[in-house]
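Chains, contacts and geometry: an overview
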Amino acid sequence: MSKQELAVAALRNGTVIDHIPPQALFQCVKILGIELLDKQLTIGNNLHSSKHGAKGIIKVADTFFPEAVLDRISIIAPDAVVNTIRDYEVVEKRRVELPDTVVGIVKCDNPKCITNHEPMRTKFAVIDRNAGLLRCHYCNHTVSSLKATLL
Amino acid sequence: MNSSSLVSISDLSKEEIMRLLAQARHFELNPNQKILDGKVVATLFFEPSTRTRLSFETAVNRLGGRVIGFSDASSTSTSKGETLKDTIKMVSNYVDLIVMRHFLEGASRYATEVTDVPVINAGDGANQHPSQTMLDLYSIYKTQGRLDNLTITLVGDLKYGRTVHSLIMAMRYFNPTFRFVACDELKMPEEYKEVCRQNGIKYTEHKEFSKEVIDTSDIIYMTRVQRERFADLMEYEKVKDLYTLHNAMLDGARDNLRILHPLPRVNEINPDVDDNPKAYYFQQAQNGLYARQALICRSLGIDIPQEPLSISNQK
Ligand SMILES: [Zn+2]
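What comes next is a walk through the structure. (Residues numbered from 1 in each chain as written. Chains lettered and ligands numbered in written order. Predicted model: local features only at pLDDT ≥ 70, side-chain atom pairs only at ≥ 80, totals over all residues. Heavy atoms only, no water.)

Scanning chain A for helices and strands turns up three helices and nine strands. Residues classed as buried in chain A amount to 43% of the 151 residues present. Of all intrachain contacts in chain A linking residues separated by at least 6 positions in sequence, the fraction that spans at least 24 positions is 56%. Per element, the accessible surface of chain A, about 8300 Å² overall, is 51% carbon and sulfur. Across chain A, the mean location of the 19 positive side-chain charges is 4 Å away from that of the 16 negative side-chain charges. (Helix = DSSP H or I, 4+ residues; strand = E, 2+ residues; numbered from the N terminus. Buried < 20%, exposed > 50% of the residue type's maximum accessible area, 1.4 Å probe, protein only. Contact = heavy atoms within 4.5 Å. Areas by Shrake-Rupley, 256 points an atom, 1.4 Å probe, with all protein chains shown as cover. Lys, Arg positive; Asp, Glu negative; His and termini not counted. Charge placed at Lys NZ, Arg CZ, Asp CG, Glu CD.)

See below:
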């Protein structure tokens with residue numbers, strides 16, 4: 001086992017989120033709400049990735065995240081992999097999943113869109129999963145999920 | 001959304017479009033009928049548009065219905081900060097149909113989600129304006145006797161012009177050939193070229209509004225080239241006259257060619273074209289009345305006879 005893998009495996013219980021695009025790492029930290037957490041926390045960025053060149057990784061001890069939070073992660077880090085660790089074992093390893101429709105998470109970047117003027121939830125259809133393209137259900141503008149402002 | 005609403009032309013199937021055109025024909029032959037007796041229609045114009053509002057209101061009045069509404073949001077409680085949702089819910093208590101125009105994009109779609117009363121979108125910002133598209137389709141259908149296999153040339157502002165985008169969406173059922181004539185700044189967005197490719201629609205792009213393009217067109221659809229669209233005014237000055245149609249340019253055109261324009265025009269069609277029998281933009285606007293009568297009856301669930309279009313009763 002290499003030293004790098006050892007660092008990940010050293011977690012006894014908790015969550016490891018891997019394959020985060022470097023530019024999305026700190027927004028992921030924010031979405032997870034772990035800034036004030038008093039658990040053991042390791043954040044790495046610009047690490048070598050065989051798939052994407054560079055990646056970020058977040059390891060949090062004794063913490064597991066609800067689906068709704070991981071849905072938000074899937075918007076800005078569609079390739080992220082979530083590892084659930086119990087007693088030093090990876091008991092679950094899965095990619096986050098961008099849902100078909102994204103409701104109430106992303107802000108429409110069209111300033112003339114009704115969603116930016118009414119107290120209402122935004123709604124987007126995922127039109128290109130690989131490119132991370134979302135189309136506003138209301139104004140039809142296309143928003144890139146990687147550059148999206150989250151609500 | 002309730003299915004009797006109409007927000008975008010893409011909400012209509014090919015069969016529905018054909019039925020609406022045949023019903024528009026019926027209204028053209030019988031524009032005054034008392035079929036909306038007892039019906040009240042709201043025209044909510046959060047953004048003024050006299051042309052569109054008068055067309056809708058005339059359509060209702062000629063069918064014997066009543067109209068309530070406003071022509072400018074400054075006269076409503078919206079100006080006091082009332083949400084769109086609350087305004088729509090309040091009006092829904094009184095009427096059978098809402099026709100609305102709004103400066104915000106997606107406003108009509110949202111309105112359909114907060115009321116059970118059918119909503120017709122009469123324009124939401126730069127987004128959709130389906131009754132304009134229906135009158136464009138009706139004008140093409142009437143002047144050509146068909147919608148299938150036509151060569152349609154779109155000229156001018158193809159980037160921001162919502163009418164040309166909606167026309168592509170509507171014509172995708174009818175195997176058209178498109179010519180896109182525009183300068184680099186205003187050329188057809190990739191998104192709509194992708195729609196063409198996905199639907200097997202042939203298109204070519206041209207920077208020059210050439211004789212060859214004009215002489216092989218069945219329809220030329222002109223749009224306004226607006227100064228505001230250019231970051232560089234020099235660029236505007238350079239291109240503004242390149243996409244102006246003059247009567248002399250029509251010398252070799254096909255007999256069946258018709259010139260369309262959503263109006264109002266600025267200088268993209270020289271007045272010397274107006275007397276050419278190929279100029280159709282004034283009748284085009286009049287067709288809006290019949291197209292809107294058909295759309296109103298669709299939303300109200302009123303069954304209307306369909307009038308087949310025969311070549312002999314064209315124009
Ligand atoms: Zn939007």
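Past the structure itself, the notes keep going.
So, on to a nonpolar patch on the surface. Residues Phe 26, Leu 41 and Ile 43 of chain A make up a contiguous nonpolar surface patch of roughly 270 Å² in combined accessible area. Tracing the backbone through its elements, the reader meets Phe 26 of chain A in helix H2 (residues 25-32). (Patch = residues over 30% accessible without salt bridge, like charges linked within 9 Å, V, L, I, M, F, W, Y side chains within 5 Å. Salt bridge = Lys/Arg side-chain N within 4 Å of Asp/Glu carboxyl O.)

Next up on the list: the environment of Glu 89 of chain A. Note that Glu 89 of chain A resides in strand E5 (residues 89-95). Between the C-alpha atoms of Glu 89 of chain A and Asn 13 of chain A, which are 76 residues apart in sequence, the distance is 8.3 Å.

This part covers the coordination of the zinc ion. All names here are of chain A. The protein atoms that coordinate the zinc ion are Cys 108 (SG), Cys 113 (SG), Cys 136 (SG) and Cys 139 (SG), at distances of 2.3 to 2.4 Å. Bound by four donor atoms, the zinc ion shows angles of 100 to 119 degrees at the metal and therefore tetrahedral coordination geometry. Residue Cys 108 is classed as buried on the basis of its relative accessible area of 1%. The exposure class of Cys 136 is buried, given its relative accessible area of 1%. (Donors = N, O, S within 2.8 Å, 3.2 Å for Na, K, Ca; no water. Tetrahedral: all angles 85-135°; square planar, octahedral: opposite > 155°, others 65-115°.)

Our focus in this paragraph is the packing of aromatic side chains. Residue and element names in this part refer to chain B. Overall, the coordinates contain seven aromatic pairs over all chains when judged by the stated rule. The interplanar angle of 25 degrees and the centroid separation of 5.9 Å between the aromatic rings of Phe 178 and Phe 180 together place this pair among those described as stacked. Both residues of the pair, Phe 178 and Phe 180, belong to the buried class. An aromatic cluster of three or more residues is present, and its members are Phe 178, Phe 180 and Tyr 203. (Phe/Tyr/Trp six-rings, centres within 6.5 Å; stacked < 30°, edge-to-face > 60°.)

We now examine the state of the cysteines. One way to say it: the disulfide is the covalent bond shared by the sulfur atoms of two cysteines. As enumerated under the stated definition, the model contains zero disulfides over all chains in all. Here Cys 196 of chain B is not disulfide-linked; the sulfur of Cys 183 of chain B is the nearest cysteine sulfur, at 19 Å. (Disulfide = S-S within 2.5 Å.)

Among the nonpolar cores identified, the biggest contains 59 residues, and Met 134, Leu 137, Leu 154, Ile 168, Phe 178 and Ile 296 of chain B are the most heavily contacted of them. Tallying contributions element by element places helix H10 (residues 281-300) of chain B first for this core, with eight residues. Discounting chain neighbours no more than four positions away, the residues touching Ile 296 of chain B are Leu 36, Phe 56, Ala 59, Val 60, Leu 97 and Ile 120 of chain B. Ile 31 of chain A together with Ala 73, Leu 104 and Val 114 of chain B belong to the second-largest nonpolar core, a separate cluster that totals 56 residues. (Core = buried A, V, L, I, M, F, W, Y, C linked by side-chain atoms within 4.5 Å.)

Packed helix pairs are specified by the crossing angle of their axes together with the interaxial distance, meaning the distance between the axes. Residue and element names in this part refer to chain B. Two elements in contact, helix H3 (residues 84-92) and helix H4 (residues 107-114), have axes whose closest approach is 10 Å; the angle formed by their N-to-C orientations is 55 degrees. On the basis of the axis angle, H3 is oblique to H4. Judged by the sense of rotation from one axis to the other, the crossing of H3 with H4 is right-handed. Each of Leu 84, Lys 85, Ile 88 and Lys 89 in H3 lies in contact with H4, whose residues at this interface are Ala 107, Tyr 110, Ala 111 and Val 114. Within the contact of H3 with H4, the residues separate by chemical class into six nonpolar, no polar and two charged. (Axes fitted to C-alpha atoms, helices over the stretch in contact; angles between N-to-C directions. Parallel < 35°, antiparallel > 145°, perpendicular 65-115°, else oblique. Left-handed = near helix turned anticlockwise from the far one by under 90°. Nonpolar A, V, L, I, M, F, W, Y, C, P; charged D, E, K, R; others polar.)

Below, the discussion takes up H2 of chain A. Residue and element names in this part refer to chain A. Among all positions of H2, only Leu 25, Cys 28, Val 29, Ile 31 and Leu 32 are buried. Within H2, the buried residues cover an arc of 165 degrees as seen down the axis, which keeps them to one side. Projecting away from the buried face of H2 at angles above 90 degrees are the exposed residues Phe 26 and Lys 30. On its buried face, H2 is in contact with strand E1 (14-20), strand E2 (41-49), strand E3 (53-61) and helix H3 (67-76). In the segment just after H2, Gly 33 is the residue with positive phi, at about 70 degrees. (Arc of directions from axis to C-beta.)

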